[in-house]
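What follows is each chain in one-letter form.
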Amino acid sequence: MPDTLTPDRLQPRDALPILFELPYDARPLVVPGRLLLHPAPDLARLVLRGDASALGVAFSLELPTQPCRAVEANGRSALWLGPDEWLLLASPGTLVPTVSVPGAAVVDAGHRQVGLILEGPSAPDVLAAGCPLDLHPTAFPVGMCTRTVFGKAEIVLWRQDNARFHVEVWRSFAAYVHGLLERAAPL
Amino acid sequence: MLLIPCPICGIRPEAEFTYAGEAHIARPAEPASLDDHAWGEFLYARTNPKGDHAERWRHTHGCGRFFNAVRNTHTDRFITSYLAGTARPHGTPSAASPDAPAMRNDTEQWGQA
Ligand SMILES: [Zn+2]
């Protein structure tokens, strides 16, 4: 495991302050009783490629091997992205592997993407404005996560609760995705 | 929108996929030993059937993986899909049959998405 993955390396706030500015109007959008759209808290993000059990040991978390499922433990979330690929989310500075994992790839994607939270009974309908997946709870249950598309942008969609979704989007697409969600929000 | 069965993720919308040409075309082991005609055949000659066609797809905006599928080019129905690197399943109709059987990519076969 490269020794560059230290908490200091994962929090270059002083060196690159622009990375901590959200690329869209981050004021929460509130439609009382129906929708709340707001930025996710600041997160550390790692993309893991390799063996599930070895990587799980290194990050003290059992990685999901069932397709399109997320697990949460020890304050960390692991989202299945592909058969040997996961997105790890946690508080900034906390994602440091405990042992090295030969043959695995661990990439810091902390500032490549931003998180958006959609809450409320209208959340599935608002997402459906740009996402072609069936978001009914029987087709997209709580705990399901996947890469997909929203309009013309790629996103990672994770259903944390029946009426709560976490959306990860590359930061250069964030203003577009946020704007489309705003336009789709109920009046 | 066309629904495509990813062998890993289940049935997913067409917008998440990228088409990648005919499947099961092996690159010659010794390209230098081929004459121009044989090399041209490898590069460009495709079966182009009106009927069932084994082809590669990539679930680009999903699991990201390449896989193979048999699709009827006449009806645009997917007959089956299977992991990259595995052989075309026995029992899938050959390219000679004009019409595809009924679509079998229901949730019972593929599981929930
Ligand atoms: Zn897939």
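Note that the coordinates shown come from a computational prediction; the quantities given were computed from them, not determined experimentally.

Examining the overall build of chain B
Here is step 1 of the chain: The helix and strand inventory of chain B stands at 2 helices and 6 strands.
Here is step 2 of the chain: For chain B, the α and β elements follow one another from N to C terminus as β-β-β-α-β-β-β-α.
Here is step 3 of the chain: Looking at chain B alone, contacts between residues at least 24 apart form 53% of all its contacts between residues at least 6 apart.
Here is step 4 of the chain: For chain B, the accessible area works out to roughly 6300 Å², and carbon and sulfur atoms hold 53% of it.

Overview of the overall build of chain A
Here is step 1 of the chain: Counting its secondary structure elements, chain A contains 3 helices and 11 strands.
Here is step 2 of the chain: In chain A, the succession of helices and strands from N to C terminus is β-β-β-α-β-β-β-β-β-α-β-β-β-α.
Here is step 3 of the chain: Residues classed as buried in chain A amount to 49% of the 187 residues present.
Here is step 4 of the chain: Excluding contacts between residues fewer than 6 apart, the proportion of contacts in chain A whose partners are at least 24 apart in sequence is 63%.
Here is step 5 of the chain: Total accessible area on chain A stands at roughly 8700 Å², and carbon and sulfur atoms take up 55% of it.

Comments concerning the coordination of the zinc ion
Residue and element names in this part refer to chain B.
Here is step 1 of the chain: Each protein donor to the zinc ion is listed here as Cys6 (SG), Cys9 (SG), His59 (ND1) and Cys63 (SG); together their distances run 2.0 to 2.4 Å.
Here is step 2 of the chain: Here the zinc ion binds 4 donor atoms, and the angle range of 104 to 115° at the metal identifies the geometry as tetrahedral.
Here is step 3 of the chain: Relative accessible area serves as the criterion here: at 4%, Cys9 is assigned to the buried category.
Here is step 4 of the chain: Classification of His59 by relative accessible area gives buried; the value is 0%.

Notes on the side chain of His53 of chain B
Here is step 1 of the chain: As for its placement among the helices and strands, His53 of chain B is situated in strand S4 (residues 52–58).
Here is step 2 of the chain: Leave out the neighbours within four places in its chain, and His53 of chain B touches Tyr19, Glu22, Thr47, Ala69, Val70, Arg71 and Thr73 of chain B.

Remarks on the domain arrangement of chain A
Residue and element names in this part refer to chain A.
Here is step 1 of the chain: As assigned here, chain A comprises domain 1 (28–42 + 111–187) and domain 2 (44–109).
Here is step 2 of the chain: Averaged C-alpha coordinates put domain 1 and domain 2 at centres separated by 22 Å.
Here is step 3 of the chain: Taken together, the contacts link 16 residues of domain 1 with 15 residues of domain 2.
Here is step 4 of the chain: Roughly 1400 Å² of surface becomes buried between domain 1 and domain 2 when both sides are summed, with 57% attributable to carbon and sulfur atoms.
Here is step 5 of the chain: Ranking the residues of domain 1 by area buried against domain 2 places Cys145, Arg147 and Trp158 at the top, with a combined share of 39%.

As for the pattern of salt bridges
Here is step 1 of the chain: Across all of its chains, the model carries 9 salt bridges over all chains by this definition.
Here is step 2 of the chain: We note a salt bridge from Glu85 of chain A to Arg65 of chain B, for which the minimum N-O separation is 3.4 Å. Taken together, the residues Glu85 of chain A in strand S6 (residues 85–90) and Arg65 of chain B in the loop between S4 and strand S5 (66–72) connect one chain to another.
Here is step 3 of the chain: Here Arg164 of chain A ties to Glu119 of chain A by a salt bridge, and the two come within 3.3 Å at their closest N and O atoms. Placement of the pair is Arg164 of chain A in strand S11 (residues 164–170) and Glu119 of chain A in strand S8 (residues 113–119), with a sequence separation of 45 residues.
Here is step 4 of the chain: The structure contains a network of salt bridges with shared partners spanning Arg49, Asp84, Glu85 and Arg147 of chain A together with Arg65 of chain B.

A look at the sheet that holds strand S3 (residues 44–49) of chain A
Across a sheet, strands are paired by hydrogen bonds formed along the backbone, either parallel or antiparallel in direction.
Residue and element names in this part refer to chain A.
Here is step 1 of the chain: Read across the open sheet, the 5 strands follow the order S4-S5-S6-S3-S7; overall the sheet is antiparallel. The open sheet has two edge strands, strand S4 (70–73) and strand S7 (105–108), and neither has a second partner. Between one strand and the next, the sheet's axes are offset by a mean angle of 20°, whatever the strand orientation.
Here is step 2 of the chain: Sheet topology note: the S4/strand S5 (residues 76–82) ladder contains 4 bridges and is antiparallel. Within S5, the residue paired with Ala70 across the bridge is Leu79.

Section: the pairing of S4 of chain B
Two faces, one strand: in a regular strand the side chains alternate between the faces of the sheet.
Residue and element names in this part refer to chain B.
Here is step 1 of the chain: Extensive coverage of S4 is indicated by the burial of 5 of its 7 residues.
Here is step 2 of the chain: Here strand S3 (residues 18–22) pairs with S4 via 3 bridges, running antiparallel. Looking across to S4, one finds that Tyr19 is bridged to Trp57.
Here is step 3 of the chain: Where S4 meets S5, 7 bridges bridge the pair, whose relative direction is antiparallel. By the bridge assignment for S5, Ala54 is matched with Val70.

Scoring rules and cut-offs
Numbering of residues starts from 1 in every chain and runs along the sequence as written. The lettering of chains begins at A and the numbering of ligands begins at 1, in the order of writing. Totals for whole chains, interfaces and linings use every residue, but because this is a predicted model, local features are given only for residues with pLDDT of at least 70 and side-chain atom pairs only at 80 or more, for both listing and counting. Side-chain measures were taken over the full set of non-hydrogen atoms in the model, leaving aside hydrogen atoms and water. Secondary structure elements follow DSSP: runs of H or I no shorter than four residues count as helices, runs of E no shorter than two count as strands, and numbering proceeds from the N terminus. We call two residues contacting when some pair of their heavy atoms lies within 4.5 Å. Working definition of accessibility: Shrake-Rupley area with a 1.4 Å probe, residue cover restricted to the visible protein chains. Burial here depends on accessible area, computed with a 1.4 Å probe over protein chains only, as a share of the maximum for the residue type. Under 20% is buried, over 50% is exposed, and the range in between is partly exposed. Note that water is not among the atoms used; donors are N, O and S atoms within 2.8 Å of the metal (3.2 Å for Na, K and Ca), so sites may look incomplete. Square planar and octahedral sites, with four and six donors, are those where opposite donors lie more than 155 degrees apart and all other angles lie between 65 and 115, tetrahedral sites have four donors with every angle between 85 and 135 degrees, and the rest are irregular. Residue ranges for the domains trace back to a domain assignment, done automatically or taken from a database. By convention, the term buried area covers the 1.4 Å-probe accessible surface removed from two parts as they join, with the contributions of both added. We define a salt bridge as a side-chain nitrogen of Lys or Arg found within 4 Å of a carboxyl oxygen belonging to Asp or Glu. By this definition, two strands are paired if DSSP reports at least two bridges between them. Axis definition: a line fitted to C-alpha atoms, limited for helices to the stretch in contact. Angles are taken between N-to-C directions and run from 0 to 180 degrees.

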